[in-house]
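Structural features, examined
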Amino acid sequence: MTDFHKEKADEAIDILNTRGADALLLFPGADIGYYTGFSIGPSERLAAALIPFSGNPVLVVNQLEAELRGQKSWITDVDLWLEHEDPVEILAENFERLDLEDAVVALNEDAPWGWINRLIERLPKLFFVDATSYMSQIRMVKSQQELDWMRMACAITDKALEVGFGNLHTGLTERELAGILTSEIRSNGGGAGFVGVLFGERAALPHGRPGERELEPGDCVLVDLGTNVHGYSSDLTRTVFYGKPSTREAELYALVNEANQIAYKAVRPGVSCGELDSIARKVIDNGGCGEYFIHRLGHGIGLQVHERPYIVQGNELELEAGMTFTIEPGIYIVGEIGIRVEDTVVCTAGGCERLTRLTRELTSYPIKD
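First, a word on what this report is: a plain description of the structure on this page. Remember, predicted model here, so these are calculated numbers, not experimental data.

Definitions and limits used
- Residues numbered from 1 in each chain as written.
- Predicted model: local features only at pLDDT ≥ 70, side-chain atom pairs only at ≥ 80, totals over all residues.
- Heavy atoms only, no water.
- Helix = DSSP H or I, 4+ residues; strand = E, 2+ residues; numbered from the N terminus.
- Buried < 20%, exposed > 50% of the residue type's maximum accessible area, 1.4 Å probe, protein only.
- Pairing = 2+ DSSP bridges.
- Expected span 1.5 Å × (residues − 1).
- Contact = heavy atoms within 4.5 Å.
- Core = buried A, V, L, I, M, F, W, Y, C linked by side-chain atoms within 4.5 Å.
- Axes fitted to C-alpha atoms, helices over the stretch in contact; angles between N-to-C directions.
- Salt bridge = Lys/Arg side-chain N within 4 Å of Asp/Glu carboxyl O.
- Polar contact = N/O pair within 3.5 Å; in protein donor to acceptor, adjacent residues only side chain to side chain.

**Considerations on unusual backbone geometry**
- The step from Arg-308 to Pro-309 runs through a cis peptide bond, and the omega angle for that step is 5°.
- Summarising the element assignment, Pro-309 is placed in strand 13 (residues 307-311).
- At Asp-99, a position not held by glycine, the phi torsion is positive, near 60°.
- By the element assignment, Asp-99 lies in the loop between helix 3 (87-97) and strand 5 (104-107).

Structure representation (structure tokens):
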């Protein structure tokens, strides 16, 4: 993938160069891996990629990272700092070595401002600009390889959730079901992800965590889970019923599922993110439940579970083929029920492809003692 990372870096450089920047500075997070091939998460130890638009780039890392964690980066110059040294000073010296003391430097929104502020104290003529929108625009459109990895991640979550639902029985706790799902994801090759399980009235907590609530006949079961393959993520939510749902529950489910389906059919290049949100929201509004749909329709997904594009009212960004995101309408009635139907999808030249494929039909599971 070294060529891929270099190509993406060159693409970012071309864009940022025309907007007056002289260099790009990347810190741990999704972007440093995407644009350099050296993937590393946030830590108390400084790591950075300094990429001048004229000159040789350098990775500044702690001695512990001398081998770049076994990864191959297109950046071959690695400057190591030792545990007793000041890494910001080492980074500043690289700015000076590359004649960038008074440069215009592009950053993304995740830059650690503690380190940035210290760098400014050391090199007060530096001028930083926010490059988030340009860099994320590049990441939004996925290559075929990226899409293949996302399909693999989605297939793992589909299979895990099908197995998990097959294990429903009276007395099962949310935490126990979460454990079953986590085990299934790992056994099928999925990377670290997330699992949310909520029963009955607790399903109205959009970001609730699995607890000791036991499954009872008549409960709804809302599960939100995801994993990753080679760093690329999946995100899937299904709501099913343990026993036969009531007429009201079936009607609420039908409303949410219809919003999911209509939004899916509306996806195509040129449709704005805000327009797609409005299309789904109108379905739930017309069903008399608009006040219970309390979040955006969806979010971009890839190296991060939540990234651009955000499918939300007011976002005029137009969809392009290759953009991946979620469609996840929901209804949350506090103290009663929560229902969400979420898929990971990709916009295609001709419309939309679902990457998560588990059935969205109203499903009830038999009561087992």
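This is not the end of the story, as more comes after the structure.
**A short note on the pairing of strand 15 (residues 330-333)**
- Burial along strand 15 is two-sided: the face carrying Gly-330 and Tyr-332 and the face carrying Ile-331 and Ile-333 are both buried.
- Here strand 15 runs beside strand 16 (residues 337-340); their pairing, made up of four bridges, is antiparallel. Each residue of the ladder has a partner; that of Ile-333, found in strand 16, is Ile-337.
- A loop of three residues connects strand 15 with strand 16, the two strands running antiparallel in sequence, and Gly-335 in this loop sits at a positive phi of about 85°.

**Digging into the pairing of strand 11 (residues 236-242)**
- The buried fraction of strand 11 is high, at seven of seven residues.
- The alternating pattern of strand 11 places Leu-236, Arg-238, Val-240 and Tyr-242 on one face and Thr-237, Thr-239 and Phe-241 on the opposite face, and all of these are buried.
- In this sheet, strand 11 lies alongside strand 8 (residues 220-226) in antiparallel orientation, the contact comprising six bridges. If you follow Cys-220 over to strand 11, its bridge partner there is Phe-241.
- In terms of strand pairing, strand 11 meets strand 19 (residues 364-365) through two bridges, oriented parallel. In the strand pairing of strand 19, Tyr-242 is matched with Tyr-365.

**Remarks on helix 1 (residues 2-17)**
- Compared with the 22 Å implied by 1.5 Å per residue over 16 residues, the 22 Å span of helix 1 between its first and last C-alpha is a close match.
- Listed as buried for helix 1 are Phe-4, His-5, Lys-8, Ala-9, Ala-12, Ile-13 and Leu-16.
- Where helix 1 is buried, its residues meet strand 1 (23-26), helix 2 (30-36), strand 2 (48-52), strand 5, helix 5 (132-140) and helix 6 (144-166).

**Section: the nonpolar core**
- With 56 residues, the main nonpolar core has Leu-168, Leu-177, Val-221 and Val-223 as its most contacted residues.
- Here this core gets nine residues from one element, more than from any other, and that element is helix 6.
- Excluding residues that lie within four positions of it along the chain, Val-223 makes contacts with Leu-161, Phe-165, Leu-177, Leu-181, Gly-196, Val-197, Leu-236, Thr-237 and Arg-238.
- One finds Val-283, Leu-319, Ile-331 and Ile-339 within the second-largest nonpolar core, a separate group that totals 36 residues.

**Regarding the sheet that holds strand 19**
- Taken in spatial order, the four strands line up as 7-8-11-19 in an open sheet, and their pairing is mixed. The sheet terminates laterally at strand 7 (194-199) and strand 19, the two strands that pair on one side only.
- Against the sheet, helix 7 (residues 174-187) makes contact with strand 7 and strand 8, and its axis sits at roughly 150° relative to strand 7, the strand it touches most.

**Some remarks on the pattern of salt bridges**
- A full pass over the atoms with the stated rule returns 27 salt bridges.
- Of the charged contacts, one joins Glu-44 and Arg-45 as a salt bridge, the two residues approaching to 3.5 Å between their closest N and O atoms.
- Note on Glu-44: relative accessible area 63%, which makes it exposed.
- In this structure Arg-45 comes out as partly exposed when scored by relative accessible area, which is 28%.
- Its salt-bridge partner being Arg-213, residue Glu-201 comes within 3.0 Å of it at the nearest N-O pair. Of the two residues, Glu-201 sits in the loop between strand 7 and strand 8 while Arg-213 sits in the loop between strand 7 and strand 8, which places them 12 residues apart along the sequence.

**Some thoughts on the side chain of Thr-227**
- Note on placement: Thr-227 falls in the loop between strand 8 and strand 9 (228-229).
- Note on Thr-227: relative accessible area 2%, which makes it buried.
- A distance of 2.7 Å separates a polar side-chain atom of Thr-227 from the backbone oxygen of Gly-191.
- Not counting residues up to four positions away in its chain, the partners in contact with Thr-227 are Ala-153, Ile-156, Thr-157, Ile-185, Gly-190, Gly-191, Gly-193, Tyr-232, Ser-233 and Ser-234.

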